[in-house]
Amino acid sequence: MCIRDSLSQERVGEAHAFVTMVRIFGLPTDVVMYNLLMTAYKKRRQWQMVMQVMQQMQTTQVMPDIVSYNILIDACGKAQQVPRAFEFYEEMVRRGLQPGVNTYTSLIDACGKTQQLKKAYELLIHMQEEGVQPNAHTFTTIINACAQAQDLELGLQVLQQMVRCGAAHDVGQSTITPYTTLIRACGKAYAVDKAFDVMRCMLDVGLKPNTVTFNCLIDACSRGNELDKAFQVLRLMYHYNNLPDAVTYTALIDACIKNGALGRACQLLHQMRREEHTPPSNMISSLLDECNRAGELDRSFDVLQTMAEAGMRPACSAFTALIAACGRASAPERAFDVLRYMQALKVRPNASTHTALIDACVQARDVIRAMTALQEMLRASEVPEPAVFNSLLELCSSTSQLEGASRVYFCMRQMGIIPNSLTYRALIDVFLKCGEVRKAELAAYEMAAAGWEPDSATAERLLIACASRPESVATLPVMLQRLISVIEPKQRSPLLIRLIEALTLGGNPAYALQMVGYLQAEPARPDLESLVGLRAQLTTLPGLYESETGRALLNVVTEMLPPVLRTPVPTSPPSTGEPSALTTADCAM
């Protein structure tokens, strides 16, 4: 009784010492005593100690029995010492001991653990040839190995053999296990049809699947994007009086999410809650993310409400994603609803949340709400990135909100945030749209001082605005000299012609003459049609004929034309209805 007491309290070393003392004092020992000790070491995965006990048993002239060898073979197999396991199997046979079902099952398990499926299957055939009938555990062991190795064909073959052997009718839960294991393996391999084959095989032999089996089949359908089949399995569950559990609903909702069936997913979520199942946080977060991505705002809010009812506190990132979805849907008012909901749940918005709120207002071109969102961010002591200010300035520019742009820029500088090139471009653009050319010039000078240059389009708009405003004409040559390098080469000649036209129409032929000088210096000649059009327009302006500068301007532009198109400059503009000396039609000459 002493050894049994020690082993029952897991004092294996003490039990081993007791057996050794018994042997030293010449007291009788038996095979049961050694088998108990070997089993204890096997449970501890100490296969070498199992071998040591076997050797001690043999030295005391105690003959190992079939149980002894089964323990040793199983210990070697679990340690993946397959050659050793087969050595003891052969020794067992040499001693005239008949291997039983446990012996072969242990060897099959050892082969399965080392991915030797062919050898495991050969053992299954061999044991039947030797008259040893496999049981449900034997078949489960080899099917598990097939599932681990994703060898579904062999797994199905073993399963059919199990049915033929009658092991499918073994009493106990272990009967269902091989089917469930193989269905799960089919799911992992995206083999939905094979998973249904296994289920049909199970039903054909009169076995009733349990909830775990059905859940594995639903999961297989989910992995294979077979949504309709997943719901067929759900109906089959009800037919066999198996009520869905949390795992069932989770697998079905995952299948709906993968197939974009968000409405059905939300219905299942409500049904899950009615049956008082707690949805996993990762699943419900995934559903919320998909609703956000799809712009299903009503469903997103519904999922949030369900999370709150289930006692879950959504992460800040979930709220931020929903605010971004409101922005894509041009629903800034709902984005503010999300912010208020966060505050009610005491979830603190971070900088990304506030940025998403501002972006939502910008996308909806809602300047008032955008400014309110900026104030919310500042009240929360979150520092906006320069990109946030840039997007606000671009919004003010697109809506010609000069006052709003000034407030945003002032706030930016007050917080010590350094403007970048995009900031200045947006600022110049809003000034130009609101007719504040002088302020646009100052912004351009400040931009240059900060080491930035406007893009080609911004530079063009600024130069044309300067040419069109009498108060800014004097600064145009200096501005042009500084910005000409940022203008795309192919756009320079057309821009200079537009500047000449604007300056001439504004009564500034002297500055227009300077622009002609820049035009003549350009490596690429302006297109002929533009030059002809410019001369035709200049000849219609009476003021040009009244000054020497104006006439010089006409002469210089005429000289830029090819000789065949040059005509004498008239002394006065053509009268109404009289054709000009040269028209664009003459370009065809």
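Residues numbered from 1 in each chain as written. Predicted model: local features only at pLDDT ≥ 70, side-chain atom pairs only at ≥ 80, totals over all residues. Heavy atoms only, no water.

(A) Spotlight on the overall build of the protein. What the protein contains, in helices and strands, is 32 helices and 0 strands. Relative to its length of 589 residues, the protein is extended, with a C-alpha radius of gyration of 44 Å against a globular reference of 25 Å. Dimensions of the protein, computed from C-alpha atoms along their principal axes, come out at roughly 140 × 60 × 55 Å. Here the protein, with 589 residues, has 48% of them falling under the buried criterion. Long-range pairs, those at least 24 residues apart, make up 62% of the contacts in the protein between residues at least 6 apart in sequence. Charge centroids of the protein, computed over 54 positive and 59 negative side chains, lie 5 Å from each other. (Helix = DSSP H or I, 4+ residues; strand = E, 2+ residues; numbered from the N terminus. Rg over C-alpha atoms; globule rule 2.2 N^0.38 Å. Buried < 20%, exposed > 50% of the residue type's maximum accessible area, 1.4 Å probe, protein only. Contact = heavy atoms within 4.5 Å. Lys, Arg positive; Asp, Glu negative; His and termini not counted. Charge placed at Lys NZ, Arg CZ, Asp CG, Glu CD.)

(B) Region of the structure containing the layout of surface pockets. Approximately 240 Å³ is the volume attributed to the largest pocket. Taken together, 13 residues form the lining of the largest pocket, with Asp74, Lys78, Asn102, Ser106 and His137 sitting closest to its centre. For the lining of the largest pocket, the elements supplying multiple residues, two or more each, are α5 (66–78), α7 (101–113) and α9 (136–148). Here the lining of the largest pocket is built from residues that sort into 2 nonpolar, 6 polar and 5 charged. (1 Å grid on protein atoms, 1.4 Å probe; cavity = no way out; pocket = protein on both sides within 12 Å on 5 of 7 lines; lining within 4 Å. Points joined across faces, edges and corners; volume = space filled by probe spheres on them. Nonpolar A, V, L, I, M, F, W, Y, C, P; charged D, E, K, R; others polar.)

(C) Highlighting the pattern of salt bridges. For the structure shown, the criterion picks out 21 salt bridges. For Arg413, the salt bridge identified is with Glu446, shortest N-O distance 2.8 Å. Taken together, the positions of Arg413 in helix α24 (residues 402–414) and Glu446 in helix α26 (residues 437–449) put the pair 33 residues apart, joining distant regions of the chain. Classification of Arg413 as partly exposed rests on a relative accessible area of 41%. (Salt bridge = Lys/Arg side-chain N within 4 Å of Asp/Glu carboxyl O.)

(D) Main features of helix α18 (residues 297–309). Between the first and last C-alpha of α18 there are 18 Å, a value that for 13 residues agrees with the 18 Å anticipated at 1.5 Å per step. Within α18, the full set of buried residues consists of Leu297, Ser300, Phe301, Val303, Leu304, Thr306 and Met307. Against α16 (262–274), α17 (281–293), α19 (316–328) and α20 (332–344) lie the buried residues of α18. Immediately downstream of α18, the backbone of Gly311 shows phi near 80°, a positive value. (Expected span 1.5 Å × (residues − 1).)

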